[in-house]
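# Notes for the structure review
Letter by letter, the chains look like this.
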Amino acid sequence: MADIRAPKPEKPARPAGWPRARGRHYLDVLEHLHLTRRPDWYLEIGSGRGHSLSRCPGRAIAVDPDFRLTGDVMGDKPELHLLRQTSEAFFASGKALELAPRIDLAFIDGMHLFEYVLDDFIAAEKLCDAGAMILLHDLVPFSPAAAEREWDPERTKGWSGDVWKMTLILREYRPDLEFKVLNPRPCGLGVITGLDPTNSTLEEARDDIVARFMDLTIEEFGARKLCDLMQMQDVEEALPGLCDREAAE
Ligand SMILES: C[S@@+](CC[C@H](N)C(=O)[O-])C[C@H]1O[C@@H](n2cnc3c(N)ncnc32)[C@H](O)[C@@H]1O
């Protein structure tokens, strides 16, 4: 009988020196950070089916224009606010401050284009204090096809877009931040502490940054150069130093 299943995209070709995130799965790392740092308020940009949201046991605000929740995202949370809107509309609305005095842990996993992540980071940092942590997903692309600005499902099953550019941007424009790139599967996790809600460097440079990085491709920048800049760390080594929220305050 003929095989009528749709052909799977071929395993993505990765040039030599391509960065690989092979550590503990990011959802387990996220859960570990929730359980150890015990944030009073968690902000999630991009929830999709709710896999990351369900790992949060505390108070949470989740923003997604297209929730596709499956399973129990409420769990034992004392409070959960689901906002069906883009992050841009959410931050512009001022709703965050109505709901929570401040954000202690934020996970940015919405639109996988660097200018969206940059805007989400700028807006989220304003809601944080010095003891908070912001996590960025998708910094380590699976393959050249997954690192493009357009998702072509024929060439790559997963898509991390050009979020990898955030490493270049934060290293250059915000050297004051404690910014680590860790290796959780499947596409890494950026961990940012030492936040300063009064710092306006990124906001002021935002349009220049977007114009500068928009057309840059990973081929042009170079996978090895990205590896050198990321200095990707093993999550098992880095995690113990990231679990104590009070230590950073
Ligand atoms: C990869 S999924 C999130 C996965 C989820 N964080 C997890 O780990 O289980 C990305 C989500 O971002 C949402 N998204 C797309 N554009 C967005 C935007 N402008 N603001 C907020 N969320 C957005 C999509 O609807 C999608 O559900």
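In what follows, the accompanying structure is described.

Parameters at a glance
Residues numbered from 1 in each chain as written. Predicted model: local features only at pLDDT ≥ 70, side-chain atom pairs only at ≥ 80, totals over all residues. Helix = DSSP H or I, 4+ residues; strand = E, 2+ residues; numbered from the N terminus. Rg over C-alpha atoms; globule rule 2.2 N^0.38 Å. Buried ≥ 20, exposed ≤ 12 C-beta atoms within 10 Å, placed from the backbone. Contact = placed C-beta atoms within 7 Å. Pairing = 2+ DSSP bridges. Axes fitted to C-alpha atoms, helices over the stretch in contact; angles between N-to-C directions. Core = buried A, V, L, I, M, F, W, Y, C linked by C-beta atoms within 7 Å. Near = placed C-beta within 6 Å. Nonpolar A, V, L, I, M, F, W, Y, C, P; charged D, E, K, R; others polar. Expected span 1.5 Å × (residues − 1). Arc of directions from axis to C-beta.

### Structural notes on the overall build of the chain
- Counting its secondary structure elements, the chain contains 10 helices and 9 strands.
- What you see for the chain is a C-alpha radius of gyration of 18 Å, in line with the 18 Å of a compact globule of 249 residues.
- Within the chain, the fraction of its 249 residues that count as buried is 39%.
- In the chain, once contacts between residues fewer than 6 apart in sequence are set aside, the share between residues at least 24 apart is 65%.

### Topic: the sheet that holds strand E6 (residues 128-137)
- Ordered by their spatial adjacency, 7 strands build an open sheet running E4-E3-E2-E5-E6-E9-E7, and the pairing between neighbours is mixed. Among the strands making up the open sheet, the edge pair consists of strand E4 (80-83) and strand E7 (178-182). Direction aside, the axes of adjacent strands within the sheet are offset by 15° on average.
- When E6 meets strand E9 (residues 189-193), the two strands line up antiparallel, connected through 4 bridges. From the neighbouring strand, histidine 137 faces E9, where its bridge partner is leucine 189.
- Across the face of the sheet, helix H1 (residues 26-37) comes into contact with strand E5 (103-108), E6 and E9 while running at roughly 175° to E5.

### With respect to helix H5 (residues 165-173)
- Looking only at H5, the buried set comprises Lys165, Met166, Thr167 and Leu170.
- The inward-facing, buried residues of H5 contact helix H4 (114-126), E6, E7, E9, helix H6 (201-213) and helix H8 (223-230).

### Thoughts on the nonpolar core
- Ranked by size, the top nonpolar core spans 64 residues in total, and within it Leu43, Ala106, Ile108, Ala124, Ile134 and Leu135 carry the most contacts.
- In contact with isoleucine 108, not counting residues within four places along its chain, are Ile45, Val117, Asp120, Phe121, Ala124, Ile134, Leu135, Leu136 and His137.

### Quick notes on the site of the ligand
- Taken together, 17 residues lie near the ligand, and Gly46, Gly48, His51, Ser52 and Gly110 sit nearest.
- Classifying every residue of the shell around the ligand gives 5 nonpolar, 8 polar and 4 charged.

### A closer look at H1
- The end-to-end C-alpha distance of H1 is 16 Å, a good match for the 16 Å that 12 residues give at a rise of 1.5 Å each.
- Along H1, the positions that sit buried rather than exposed are Tyr26, Val29, Leu30, Leu33 and Arg37. Projected down its long axis, H1 carries its buried residues within an arc of 100°, all on one side.
- Looking one or two places after H1, you find arginine 38, whose phi comes out positive at around 45°.

### Details of unusual backbone geometry
- For the peptide bond that leads from arginine 185 to proline 186, omega is -10°, which places it in the cis range.
- Looking at where proline 186 falls in the secondary structure, it is placed in the loop between strand E8 (184-185) and E9.
- Even without a glycine there, the phi angle at arginine 38 is positive, about 45°.
- Tracing the backbone shows arginine 38 in the loop between H1 and strand E2 (41-45).
- Phi is positive for glutamine 231, which is not a glycine, with a value near 50°.
- Position of glutamine 231 among the secondary structure elements: in the loop between H8 and helix H9 (235-238).
- Taking the number of C-beta atoms within 10 Å as the measure of exposure, glutamine 231 has 11 and is therefore exposed.

### Regarding the environment of valine 140
- Residue placement: valine 140 occurs in the loop between E6 and H5.
- When the 30 C-beta atoms within 10 Å are taken as the criterion, valine 140 is described as buried.
- Distance in space between the C-alpha atoms of valine 140 and proline 186 is 8.2 Å, their sequence separation being 46 residues.

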